[in-house]
Amino acid sequence: MKSLQQDAKLFLYIYTLLMVFRMAFLLIYAGQMGSASMGDVAEALWLGARISLKTTAFLVAVPFVFGTIPYAIWGRWPADRIRAVLGSMAVGLMTLLFIIRIPYYEVFHQGFNIMLFNGLEDDKSAIWTTMVQQYQFWPRLLGAALLTAAFVLLLRRLLRTPVWQPRGHVRAWVGAAVLLVPVFAIFCRFGGAFHSDDGVPWESAARTRYVVLNEAVLDDGQALYRAYSTHKRATEKALRPIPREDLERAVARLGGDTQAESVEAAFVHQKATAPLVARPHHVVVILGENYALWPLLPEYRALGLAKTGEWLEKNGAHTYHFLPNGNGTMTSLNGFLTGLPDIGLYVNYKMGRHDRADALGIGSVMKHMGYKTVFWYGGVRSWQDIERFTLHEGFDEFHCADELPEQGESSSWGVPDGVLFDGIREQMKSDTEDTFYFVLTTSNHPPFAYDVDAAGFPRDEVAAKLPPSVPSDRATLDQLGHIWYADKVMGEFIRHAQQDDPSTLFVVTGDHAERFNFATEVSTWALSGIPCYFYGDGVPKDLLSEKAAGSHLQIAPTLAELIQPEGSSYASLLQPLMRSERAFNHRLYIANGEIGEQKDLTDGDFREAIEAARKVASWIVAHD
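Below: a short report on this structure. All figures in this text were calculated on a predicted structure; none of them were measured in a lab. (Residues numbered from 1 in each chain as written. Predicted model: local features only at pLDDT ≥ 70, side-chain atom pairs only at ≥ 80, totals over all residues. Heavy atoms only, no water.)

This next bit is on the sheet that holds strand β12 (residues 582-584). In spatial order, the strands read β12-β13-β14; together these three strands make up an open sheet with antiparallel pairing. In this open sheet, the two strands that pair with only one neighbour each are β12 and β14 (594-597). For this sheet, the mean angle separating the axes of adjacent strands, direction not counted, is 15 degrees. Running over the sheet, helix α20 (residues 604-623) touches β12 and β13 (588-591) and is turned about 45 degrees from β12. (Pairing = 2+ DSSP bridges. Helix = DSSP H or I, 4+ residues; strand = E, 2+ residues; numbered from the N terminus. Axes fitted to C-alpha atoms, helices over the stretch in contact; angles between N-to-C directions. Contact = heavy atoms within 4.5 Å.)

Let us look at a nonpolar patch on the surface. On the surface, Val 62, Val 65, Phe 66, Ile 69, Tyr 71, Ile 73, Trp 74 and Trp 77 cluster together to form a nonpolar patch covering roughly 760 Å² of accessible area. You can see Trp 74 is positioned in the loop between α2 (38-73) and α3 (79-108). (Patch = residues over 30% accessible without salt bridge, like charges linked within 9 Å, V, L, I, M, F, W, Y side chains within 5 Å. Areas by Shrake-Rupley, 256 points an atom, 1.4 Å probe, with all protein chains shown as cover. Salt bridge = Lys/Arg side-chain N within 4 Å of Asp/Glu carboxyl O.)

What follows covers the pairing of β14. In the sheet, β13 pairs with β14 via four bridges, with the strands oriented antiparallel. If you follow Ala 591 over to β14, its bridge partner there is Glu 594. Between β13 and β14, which pair antiparallel one after the other, the connecting turn spans two residues, and Asn 592 there sits at a positive phi close to 55 degrees.

Our next topic: the packing of aromatic side chains. In total, this model carries 36 aromatic pairs according to the counting rule given. Relative to Tyr 300, the ring of Trp 294 has its centre 5.1 Å away and its plane inclined at 85 degrees; by these criteria the two rings are edge-to-face. Note on Trp 294: relative accessible area 3%, which makes it buried. Consider the rings of Phe 493 and Phe 506, whose centres lie 6.3 Å apart with planes at 90 degrees: the pair is edge-to-face. (Phe/Tyr/Trp six-rings, centres within 6.5 Å; stacked < 30°, edge-to-face > 60°. Buried < 20%, exposed > 50% of the residue type's maximum accessible area, 1.4 Å probe, protein only.)

In the structure shown here, the tally under the stated rule is 35 salt bridges. Between Asp 220 and Arg 101 there is a salt bridge, with its nearest N and O atoms 2.6 Å apart. Placement of the pair is Asp 220 in helix α9 (residues 220-238) and Arg 101 in helix α3, with a sequence separation of 119 residues. Residues Asp 220 and Arg 101 agree in their burial class; the two are buried. Put simply, Arg 253, Arg 582, Asp 603, Asp 605 and Glu 608 are held in one network by salt bridges that share partners.

Now for the environment of Ala 36. The residue Ala 36 is located in the loop between α1 (2-28) and α2 in this model. For Ala 36, a relative accessible area of 21% translates into the label partly exposed. Between the C-alpha atoms of Ala 36 and Glu 521, which are 485 residues apart in sequence, the distance is 9.9 Å. Excluding residues that lie within four positions of it along the chain, Ala 36 makes contacts with Tyr 210 and Leu 213.

Attention shifts here to the side chain of Asn 348. With respect to the helices and strands, Asn 348 occurs in the loop between α12 (329-338) and α13 (362-368). Among the polar contacts made by the side chain of Asn 348, one reaches the side chain of Asn 334 at a distance of 3.0 Å. Of the polar contacts made by the side chain of Asn 348, one reaches the backbone oxygen of Gln 384; its length is 3.0 Å. What Asn 348 contacts, discounting residues up to four positions off in sequence, is Met 330, Asn 334, Gln 384, Arg 388 and Phe 389. (Polar contact = N/O pair within 3.5 Å; in protein donor to acceptor, adjacent residues only side chain to side chain.)

We now examine α2. For α2, with 36 residues, the first-to-last C-alpha span of 49 Å sits near the 52 Å given by 1.5 Å per residue. Its maximal kink placed at Phe 64, α2 deviates by approximately 45 degrees. (Expected span 1.5 Å × (residues − 1). Bend = angle between axes of the 7 residues up to and from the residue.)

A separate point is the sheet that holds strand β3 (residues 317-319). Hydrogen bonding along the main chain pairs the strands of a sheet, whether they run parallel or antiparallel. Taken in spatial order, the seven strands line up as β3-β9-β8-β2-β7-β5-β6 in an open sheet, and their pairing is mixed. Each edge of the sheet is formed by a strand with only one pairing partner; in this case those strands are β3 and β6 (397-399). Going from strand to strand, the sheet's axes swing by 15 degrees on average, the running direction of each strand aside. Along the sheet face, α12 touches β2 (282-288), β5 (372-377), β7 (435-440) and β8 (505-510) and points at about 165 degrees away from the line of β7.

The next subject is the nonpolar core. Counting 136 residues, the largest nonpolar core has Trp 294, Ile 362, Leu 480 and Phe 534 as its most contacted members. The biggest single contributor to this core is helix α17 (residues 474-500), with ten residues. Sequence-distant contacts of Trp 294, defined by excluding residues within four places in its chain, comprise Tyr 300, Leu 303, Leu 305, Val 470, Leu 480, Ile 483, Phe 516, Phe 518 and Ala 526. Formed by 52 residues, the second largest nonpolar core is a distinct cluster that contains Leu 17, Val 41, Ala 44 and Leu 218. (Core = buried A, V, L, I, M, F, W, Y, C linked by side-chain atoms within 4.5 Å.)

With that out of the way, let us pick up the pairing of β8. The buried fraction of β8 is high, at six of six residues. Residues Leu 505, Val 507 and Thr 509 point to one face of β8 and Phe 506, Val 508 and Gly 510 to the other, with burial holding for every one of them. Sheet topology note: the β8/strand β9 (residues 532-536) ladder contains five bridges and is antiparallel. Note that in β9 the partner of Phe 506 across the bridge is Tyr 535.

Our next topic: α20. In an α-helix, one turn spans 3.6 residues; hence positions three or four apart end up facing the same way. With 20 residues, α20 ought to run about 28 Å at 1.5 Å a step, and its terminal C-alpha atoms sit 29 Å apart, in line with that. Within the span of α20, buried status applies to Phe 606, Ala 609, Ile 610, Ala 612, Ala 613, Arg 614, Val 616, Ala 617, Ser 618, Trp 619, Ile 620 and Val 621. On the buried face of α20, the contacting elements are α9, α10 (244-253), β12 and β13. Between the side-chain oxygen at the start of α20 and the backbone nitrogen of Asp 605 there is a gap of 3.0 Å, and the oxygen is on Asp 603.

The next subject is the packing of α1 against helix α6 (residues 137-159). Packing of α1 against α6 leaves a shortest axis separation of 10 Å and a crossing angle of 150 degrees. The angle between α1 and α6 places the two elements in the roughly antiparallel class. Of the two elements, α1 crosses α6, and the hand of that crossing is right-handed. Side by side, α1 and α6 meet where Gln 6, Lys 9, Leu 10, Tyr 13, Leu 17 and Phe 21 of the first sit next to Phe 151, Leu 154, Leu 155, Leu 158 and Leu 159 of the second. Here the residues of the contact of α1 with α6 are counted per class, giving nine nonpolar, one polar and one charged. (Parallel < 35°, antiparallel > 145°, perpendicular 65-115°, else oblique. Left-handed = near helix turned anticlockwise from the far one by under 90°. Nonpolar A, V, L, I, M, F, W, Y, C, P; charged D, E, K, R; others polar.)

With that settled, the discussion passes to the environment of Gly 316. Counting through the fold element by element, Gly 316 comes out in the loop between α11 (307-315) and β3. By relative accessible area, Gly 316 is classed as buried at 2%. Taking the C-alpha atoms as reference, Gly 316 lies 35 Å from Lys 615; in sequence the two are 299 residues apart. Setting aside its immediate chain neighbours within four residues, Gly 316 contacts Phe 534, Tyr 535 and Lys 541.

Moving on to unusual backbone geometry. The linkage connecting Pro 446 with the following residue, Pro 447, adopts the cis geometry, with an omega of 15 degrees. Within the secondary structure, Pro 447 sits in the loop between β7 and α16 (459-464). With a phi angle near 55 degrees, Asn 290 is a residue other than glycine that sits in the positive phi range. Here Asn 290 is to be found in the loop between β2 and α11.

What follows is the structure, encoded as structure tokens:
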């Protein structure tokens, strides 16, 4: 009885601590609750209180198994010492996770999620530098240590308080406790219920209309489990065996030729129209780091952060109904390189076992069109094995930061975009054959350490125009300065390169959005949308209709339709943007001019098309 009561104290202490962390999280991000009512907040706290029963039970089960149970068999077993040590470790762990959650949420707008697994493959040195420079690693670590010390001290004092000892009917009390423990364990297992149908699993814990409230429901233990579970499921689904009949149905659903000799051949399209532009000597696709749509939306335009985007909008063709292929740089880049939708895997580590390049990727498509293919990256060649994979997927050359001068300034992720563009322009001047350049920039990325003020960033002017949804602290203004800088030097490059060769065709888009920490709740367009521009000699401004919608995968076929002569062919899983009015990516969809989450998609036909594309992608990845 004594040991069980000590376990009960530990349970209540950890459970209360998780609730305190939950309320602290809501206080920190109270500005992002929008029009949430007290009822919404109460619902989130209630759901969180239920789901934290699971986390607490798991943490207390460890000292229960290794302390209380052996003590019940052998009275000299040091259960109290084991409980104190393991309980203190649990308190320290949850405190540390809460401290980490704050900057993590600022970056990804979620608690711990599948992006954790991206970090396992990312540039460890750059991540470390970003943590130290941008997210105050050492002060936060010190804060976590001090909080842990205080919380552990309180726990030790609680565990030293006296417990109740029954004076009679001891066996009855012990028997009742033995029966109660498994019943209570089941109650905790299902989140305050005795059946999964009545419980609060993490998958259905998001029951409010507000992101920050939904994220407050999950404590950090449950968020970690979400990350593990979603990664495991995505991997299993992506690599599951696909029967031939299912593959053929998916190919047919996407309009492919089920009699073709290969899956890629099933999606070869014959061009039936004349080219829309004269064949350009150079084609440049710029994939801008975090080049998001939100600075171009009406409520933010006055900030003047995307003047190049505004200029391209006025002088070229564009669509703002556009989605990145993935939720990060590499998952989006993989879409370009392979021509396949994101299926939850880092295919740059899964594909490339054979000598042939994937025919659907933009490198292969442009090479088939007769262009030399060159990939330029503003970072280092070791990042995500990018050099090997780009060269495998249809690119003739790969160039990166180590070939460029730092000019006195660089970040942990690469050289300034201005230096990158200067290097590309020099190569463009010397290339005599038709060349396709794919450019991946890096400057608009933490730690946001460039001297953007020296580059001309109008900090005070921007600060004076900030709407309520944009924080006004110095760190946010530094980030806005990097958005401004990346857009500015990109525009200078486009104008100069066009002067060098007026035939050059440019495509500009972003690798992803969802990395800006708004102060209030914003629309999904503002949070997740990216722009897409086509600009160059002869590109009609009405190339894309107001209803046009698409994703990264549709840029390659659009280029083929623009440049290729009548009767030529190209391979693409999806339609070019001129013939597309809906889009999808790993999580979102666009249809009828509206954006939403696929879990809310009611159009059965569209849902079938999305699943068919993913099924074909899974088959290609598994058989590459």
